[in-house]
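Summary of the model geometry
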Amino acid sequence: MEPHPVQLAVTDDLVRGRATVFFRIILAIPVFVWLLIWSIGTFFVAIAGWFVAIFTKKLPDGIHGFLCRYVRYVVHVHGYVALVTEPYPGFGGKPGYPLDVTLPDAPAEQSRARVFFRFVLALPAIAISQALGGSIGFNTSGSFNGSSSGGSHSFRFATFTGGGGALLFAVFFLAWFVGVFRARNSKGLRDAGAYAIGYTAHVLAYFLLVTEHYPLSDPAAMLGGRVEPPPVHPVHVVDNDDLRRSRLTVFFRLLLFIPHYVWLGLWGIAVAFSIFANWFVLLFRGTPAGSLHRFNSRYLRYALHVYSFLLLVANPFPGFTGLPGSYPVDLVLPDPARQNRWKTGFRLFLVIPAAIVAIALYFALYVTAVLNWFVGLFRARSPEGMHKLGVYAVRYIAQYAAYYYLITDVYPNASPLEGAEPPPEPEPTAEPQYAW
Amino acid sequence: MTRSPARAALVAALAVAWIVSAYLLWQTSVVPGSLHLPHIDVHDYFSAAQLREAARFGQFSSRLWIASTVVELVVFVLYAKWGVRFMRESAAGPVGTGMLLGMIGFALVWLAELPFDVLGLWWERRHGLSHEGYFTHVTANWFALGGQFIFLCVALGVAMGFARWLGDWWWIPAAAFFVGLATLFAFVDPYLLSTHKLHDAELAGQVRALERAEGVRHVPVVVQHVHTVTAVPNAEAMGLGPSRRIVLWDTLVDGRFSERELRVVLAHEIGHLARHHIRKEVAWYALFAFPGVYFLMRITRRRGGMGEPEAVPLALLALVVLGLLALPLQNAISRHMEAEADWMALRTTHDPAAATQLFRQFVTTTLDEPSPSTWDYVLLENHPTIAQRIAMAQAWRSWSARH
């Protein structure tokens, strides 16, 4: 597959200055003001570019360069404000920032129809970006108010940087605390933020006619090879979905979920008691009760199957037992193992940051589900990018739930990338080598 | 050779037991067996315009029912043949897959019947009988389908679970379970409605007098808000034991009916409770459930038995066909009980004039045909016709004069 012309580059080293993190929003005020001015200019330039592109099928070089700089600057500002990067960004949108994007050097020819309908075509991507990094907003830049004899009216400028999306906001909120206390950012949060901003860059580049390529929401395509994947989490997803969707079951998905909803509720009542009992067992013994652990694990796996079905991350109707290996989007869970008693004792509080990220990803999951519903109905397939985003969301939510349900004491990893085994140590050669 | 006569004898004995039970249940009515309903000329009670309007409305509704039923049958026939293909959309075990197939079957029928449903609503709106918006109606139906799915999944879960466990004998515990479920629903139904107390103190006082007259323990009378959806007046007796209550639609107490007419309605509903009609309905259900589920077991054998998901589409078709075949009998039973409740109302209120006036009003407020065609009567009428109800009021007048 042809690589997306908008590529993310991450060279951030995770080191943060406590003071600059603490005052980040205030420090960013000049950047915001400049971005606002630039956005107003971009609004008019983009309209001009749109008219030209309808006739000439591509943007003029000057406008293309201007918009590329704008997109790059948005990435820098988002990166700085959301604590995905540390250095103060310049005001020119020049390449070389620790979170950057490469954009097409020259404007490419585009389909007139796609240019003409760009706003409509971009709406699904804009919806997803609201759940991730934010992109287009219509009321954040300022307004001109006037009044007439008939009453008052107002006109608001559209800007292309309508504030952060849900995931980016969660990342900023948590990274602020992490940065202030540890003078570092968590790699998982940084990667999640980079992914969200990368998607914003894709959406902006598409919307502003910098490229005709549709935004790509596949986390692996966005970050793969640019950041190190996290270590394998004991709770991870095995994805064997073939992207095929049945139109009929897609249409009735919500209703087909009802029996599972009832069963989830009934089983969930028992699980609530089981978690409570297991909490005491873990506190006293340090290891969970095997039967309770298995019972809760089954439930969690079942919930993952069911929500994958409901939210169109997978196609087949799931079973009612949460049997491992029984569903194309499956959950691998650890066996009962010793857990840290402190982490067990304070689990209810420790889980709060993860819950914040989980809520943001729930939002993303629901947005993609709505879009997937329409796509599935018309094409009988799920787009791969949206599917992968869905898998990322259900994986994180499952890790969060497993932590909350005391199935593991390993904290959820917010990285959009699936965990990978570290590369094997180079094997010692048989013959000792001597450096002379 | 020795098994067949024994089996035939057993089947015959069970059939006789069924007939005797049905006969005994039927015979519990207090309507005098010797009661002769006089012939009623509907033109004496209704204007030609009223009769024309009711006939027009009824004919279209009946045709719509026929078309919708035919479509339902066609869909289920096609589904019985090809529905098994949807098994590939399931990652569940046999029971879960069976549930999916059941739900998809119902969903397809819902889709196929939707145009008729909307047409029916249009027809009712056109005649001022419904105030429901199309979107609200379709949405409500959509959610109702969700409710059906729950019931369907429970039913299939039970039937398939027993079938996988007990083989061909599954029908006995399954039928018993369904009867238990019907009893539970009969008990719970009143609690599922959103109602408020009857505020009319005078009417509430009359209810107490009627309860005493019919020998019924105090039963709450509540009002259900339906006027935003329908203009049709109605009332029903619901519940078992502590959940018993009489539900009046607010379209009945909106001033269109006089106090005397409302008294007849209340006496009729209390009559249902006095004659234990809800319990009898459950008993009738039991009488139908056992042979019905037995036939289902026999029919689904050709697809490997009810324990296999492949049997579900066929089972749905069989269920619908059995339901259609049983419809005339079920309507007859319902009419029998409604007639008894009418008789109780006449016996309690001693007011055949109010009853006659009430039934006449039904023609203008519900556009019920006073004397529908025979097939309509057999297949669609679960109450006596308006003409029969007026005739009963007349018959009661003569009967009470004699006794």
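Bear in mind that the values here come from a model prediction, so they are computed numbers and not experimental data.

Rules of the game
Residues numbered from 1 in each chain as written. Chains lettered and ligands numbered in written order. Predicted model: local features only at pLDDT ≥ 70, side-chain atom pairs only at ≥ 80, totals over all residues. Heavy atoms only, no water. Helix = DSSP H or I, 4+ residues; strand = E, 2+ residues; numbered from the N terminus. Buried < 20%, exposed > 50% of the residue type's maximum accessible area, 1.4 Å probe, protein only. Contact = heavy atoms within 4.5 Å. Areas by Shrake-Rupley, 256 points an atom, 1.4 Å probe, with all protein chains shown as cover. Axes fitted to C-alpha atoms, helices over the stretch in contact; angles between N-to-C directions. Parallel < 35°, antiparallel > 145°, perpendicular 65-115°, else oblique. Left-handed = near helix turned anticlockwise from the far one by under 90°. 1 Å grid on protein atoms, 1.4 Å probe; cavity = no way out; pocket = protein on both sides within 12 Å on 5 of 7 lines; lining within 4 Å. Points joined across faces, edges and corners; volume = space filled by probe spheres on them. Nonpolar A, V, L, I, M, F, W, Y, C, P; charged D, E, K, R; others polar. Buried area = accessible area lost by both parts, 1.4 Å probe. Salt bridge = Lys/Arg side-chain N within 4 Å of Asp/Glu carboxyl O. Polar contact = N/O pair within 3.5 Å; in protein donor to acceptor, adjacent residues only side chain to side chain. Phe/Tyr/Trp six-rings, centres within 6.5 Å; stacked < 30°, edge-to-face > 60°. Lys NZ or Arg CZ within 6 Å of the ring centre and 35° of its normal. Expected span 1.5 Å × (residues − 1). Arc of directions from axis to C-beta. Domains from an automatic or database assignment.

1. Things to note about the overall build of chain A
- Per the secondary structure count, chain A includes 16 helices and six strands.
- Here chain A holds 436 residues, and the buried ones make up 53% of them.
- Here the analysis covers contacts within chain A between residues at least 6 apart in sequence; of these, 78% occur between residues at least 24 apart.
- Entry remark: accessible area of chain A is about 19700 Å², with carbon and sulfur atoms responsible for 68%.

2. So, the packing of helix H4 (residues 134-166) of chain B against helix H5 (residues 171-188) of chain B
Residue and element names in this part refer to chain B.
- Direction vectors running N to C along H4 and H5 enclose 155 degrees, while the axes themselves pass 9 Å from each other. Our classification of the angle between H4 and H5 gives roughly antiparallel. Considering only the axes of H4 and H5, their crossing is right-handed. Of H5, the residues touching H4 (which contributes Phe151, Val154, Ala155, Val158, Ala159, Phe162 and Leu166) are Pro173, Ala174, Phe177, Phe178, Leu181 and Phe185.

3. Digging into empty space enclosed by the protein
- If you walk through the whole model with that rule in mind, you get two cavities of 30 Å³ or more.
- Every residue along the wall of the largest cavity is listed here: Pro230, Pro231, His233, His236, Arg395, Gln399, Asn413, Ser415, Leu417, Glu418 and Gly419 of chain A.
- When grouped by side-chain class, the residues that make up the lining of the largest cavity number three nonpolar, six polar and two charged.
- A volume near 50 Å³ is recorded for the second largest cavity.
- Around the second largest cavity, the lining residues are Leu25, Trp26, Thr28, Ser29, His277, Lys280, Trp284, Ile333, His336, Met337 and Glu340 of chain B.

4. Side note on the packing of helix H9 (residues 311-349) of chain B against helix H12 (residues 386-402) of chain B
Residues and elements named next belong to chain B.
- Packing of H9 against H12 leaves a shortest axis separation of 10 Å and a crossing angle of 45 degrees. By the criterion of interaxial angle, the relationship of H9 to H12 is oblique. As H9 packs across H12, the resulting crossing turns out to be right-handed. Facing Ala339, Asp342, Trp343, Leu346 and Arg347 of H9, the residues of H12 in contact are Arg389, Met392, Ala393, Trp396 and Trp399.

5. A closer look at the interface of chain B and chain A
- Contact residues are listed per partner, giving 21 residues for chain B and 19 residues for chain A.
- Of the roughly 1700 Å² buried where chain B meets chain A, counting both sides, 80% is carbon and sulfur surface.
- Three residues, Glu89, Ala91 and Trp142 of chain B, lead the burial of chain B against chain A; their summed loss comes to 34% of the area buried on that side.
- Our count for the chain B to chain A interface comes out at one salt bridge.
- Measuring nitrogen to oxygen at the nearest pair gives 3.2 Å for the salt bridge that ties Arg244 of chain A to Glu89 of chain B.
- Summed over the shared surface of chain B and chain A, the number is five residue pairs in polar contact (both at pLDDT 80 or more).

6. Structural notes on the packing of aromatic side chains
Residues and elements named next belong to chain A.
- Tallied over the entire structure, the rule returns 57 aromatic pairs over all chains.
- Where Phe317 meets Phe320, the ring centres are 6.1 Å apart and the plane angle is 65 degrees; that geometry is what we call edge-to-face. Here the two residues Phe317 and Phe320 agree in accessibility, since each one is buried.
- Aromatic ring contacts, followed pair by pair, group Trp263, Trp267, Phe295, Tyr299, Tyr302, Phe309, Phe317, Phe320, Tyr400, Tyr404 and Tyr405 into a single cluster.
- The ring of Tyr80 is capped by Arg24, whose NZ or CZ atom sits 4.1 Å from the centre of that ring.

7. Concerning H5 of chain B
Residues and elements named next belong to chain B.
- The end-to-end C-alpha distance of H5, which contains 18 residues, comes to 25 Å, matching closely the 26 Å that a straight helix rising 1.5 Å per residue would cover.
- Of the positions making up H5, those classed as buried are Trp171, Ala174, Ala175, Phe178, Val179, Leu181, Ala182 and Ala186. Mapping the buried residues of H5 onto a view down its axis gives an arc of 160 degrees, with all of them on the same face.
- Those residues of H5 that are buried lie in contact with H4 and helix H8 (277-300).

8. With respect to the domain arrangement of chain A
Residues and elements named next belong to chain A.
- Its domain assignment divides chain A into domain 1 (7-144 + 157-223) and domain 2 (236-404).
- When each unit is reduced to the centre of its C-alpha atoms, the spacing between domain 1 and domain 2 is 31 Å.
- Taken together, the contacts link 17 residues of domain 1 with 15 residues of domain 2.
- Taken together, both faces of the contact between domain 1 and domain 2 bury some 1300 Å²; the carbon and sulfur share is 86%.

9. Quick word on the layout of surface pockets
Residue and element names in this part refer to chain A.
- The volume enclosed by the second largest pocket comes to roughly 640 Å³.
- Of all the secondary-structure elements, those providing two or more residues to the lining of the second largest pocket are helix H6 (118-131), helix H15 (347-379) and helix H16 (384-404).
- Along the lines of polarity and charge, the residues of the lining of the second largest pocket split into 15 nonpolar, four polar and four charged.
- Looking at the lining of the second largest pocket, you find at least three residues from each of domain 1 (7-144 + 157-223) and domain 2 (236-404).

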